[in-house]
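What follows is the residue order along each chain.
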Amino acid sequence: MDDEVTRLARQLLDSGLTHLSARDQRVILHVARRLHIARDVNNILAEQQTFGERLADRVAQFGGSWTFIAIFTAMLMVWTIVNTVVLARFGGGFDPYPYIFLNLILSMVAALQAPVILMAQNRQAARDRLAASLDYEVNLKAEVEIMALHDKLDRIRVEHLEGMLRSLTDRVEELRPKPSG
């Protein structure tokens, strides 16, 4: 194990960090400087989002809510009641049954809502990829730190065993009969 670590250290010293990916370089620098590597995905994405992306997320969030369903259902019911019952008494509604104009409006809403929802899903996928990448960095740093802890524990154990061995050797020397002379 020590030979592998020595070889890796020599390789890094000889070639530097330039051949590593930006993510690996960041992890190594954070380990070397003893800095935290964990970052909040939401903060990172919030810094990068444009106004259009934030608007699309809000529209998609509202479009996928029970509030939207309730409002939309109420509007459809009002549309059909107004056009069938109320306006029929005054000479027919502006969109009588089979509600062709309503179908046009529903098609336009669906045509506009679908790409907005797809944009939100694409951003969610990007968020998931970023979260996975940040998790990888944290896991990598944790693995390096755990390995360092294992090395420290091994060193402590060896030092303890060497101390015990010295103590036992000293005891044996004390108990060994001394030549009379």
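Summary of the structure given here. Just so you know, the residues in each chain are numbered from 1, in the order the chain's sequence is written. This being a predicted model, a pLDDT of at least 70 is required before a residue's local features are given, and a value of 80 or more before pairs of side-chain atoms are given or counted; all residues contribute to the totals for chains, interfaces and linings. Hydrogens and water molecules were not included; the side-chain quantities draw on all heavy atoms of the structure.

### So, the side chain of aspartate 95
Moving on, step 1. Strands here are runs of E lasting at least two residues and helices are runs of H or I lasting at least four, both read from the DSSP assignment and numbered beginning at the N terminus. Tracing the backbone through its elements, the reader meets aspartate 95 in the loop between α5 (66-86) and α6 (100-175).
Moving on, step 2. Engagement of the side chain of aspartate 95 in a polar contact is seen with the backbone nitrogen of isoleucine 100, the distance being 3.1 Å.
Moving on, step 3. Residues adjacent in sequence count toward polar contacts only when both atoms are side-chain atoms; beyond that, a polar contact is any pair of N or O atoms within 3.5 Å, and within protein one must be able to donate a hydrogen and the other to accept it. A polar atom in the side chain of aspartate 95 sits 2.9 Å from the backbone nitrogen of leucine 102.
Moving on, step 4. Pairs of residues are marked as contacts when any of their non-hydrogen atoms sit within 4.5 Å. Not counting chain neighbours up to four residues away, the residues in contact with aspartate 95 comprise Trp79, Asn83, Ile100, Phe101 and Leu102.

### Side note on unusual backbone geometry
Moving on, step 1. The phi dihedral of tyrosine 99 falls on the positive side, at around 55°, and the residue is not glycine.
Moving on, step 2. By the element assignment, tyrosine 99 lies in the loop between α5 and α6.

### Focus: the pattern of salt bridges
Note on pairing: side chains with opposite charge can pair once their charged atoms come close.
Moving on, step 1. Salt bridges are identified by distance alone: a Lys or Arg side-chain nitrogen within 4 Å of an Asp or Glu carboxyl oxygen. Inspection of every chain in the model, using the stated rule, returns three salt bridges.
Moving on, step 2. In this structure, arginine 157 engages aspartate 154 in a salt bridge whose closest nitrogen and oxygen atoms are separated by 3.3 Å. Separated by three residues within a single helix, arginine 157 and aspartate 154 lie in helix α6, roughly one turn from each other.
Moving on, step 3. Here the term buried applies to any residue with accessible area under 20% of the maximum for its type, exposed to any over 50%, and partly exposed to those in between, with areas from a 1.4 Å probe on protein chains only. According to the relative accessible area criterion, aspartate 154 is partly exposed, its value standing at 37%.

### Thoughts on the packing of α5 against α6
Moving on, step 1. Where helices are involved, their axes are fitted lines through C-alpha atoms of the stretch in contact, as for all axes, and angles between N-to-C directions lie from 0 to 180°. Look at α5 against α6: their axes get within 11 Å of each other, and the N-to-C directions meet at 160°. It follows that α5 is roughly antiparallel to α6 by the angle criterion. For the element pair α5 and α6, the recorded crossing hand is right-handed. Along its contact with α5, which presents Phe68, Phe72, Leu76 and Trp79, the element α6 presents Phe101, Leu102, Ile105, Leu106, Val109 and Gln113. Convention used here: angles under 35 degrees read as roughly parallel, angles over 145 as roughly antiparallel, angles from 65 to 115 as roughly perpendicular, and any remaining angle as oblique. Left-handed describes a crossing in which the near helix is turned anticlockwise from the far one by less than a right angle; the clockwise case is right-handed.

### Observations concerning the layout of surface pockets
Moving on, step 1. As defined here, a cavity is a set of points on a 1 Å grid over the protein atoms alone where a 1.4 Å probe fits but cannot get out. A pocket is an open set with protein on both sides within 12 Å along at least five of seven lines, and residues line them when an atom is within 4 Å of a point. Grid points are joined across faces, edges and corners, and a volume is the space filled by probe spheres set on the points. Estimated volume of the second largest pocket: approximately 250 Å³.
Moving on, step 2. Surrounding the second largest pocket, Asn42, Leu45, Ala46, Gln48, Gln49, Glu53, Asp57, Ala120, Arg123, Gln124, Ala126 and Arg127 form its lining.
Moving on, step 3. Those elements that place two or more of their residues in the lining of the second largest pocket are α3 (41-48), α4 (51-63) and α6.
Moving on, step 4. Of the residues forming the lining of the second largest pocket, the biggest block, five residues, is contributed by α6.
Moving on, step 5. Each residue gets one label: Ala, Val, Leu, Ile, Met, Phe, Trp, Tyr, Cys and Pro are nonpolar, Asp, Glu, Lys and Arg are charged, and the others, such as Gly, are polar. For the lining of the second largest pocket, the residue count by class is four nonpolar, four polar and four charged.

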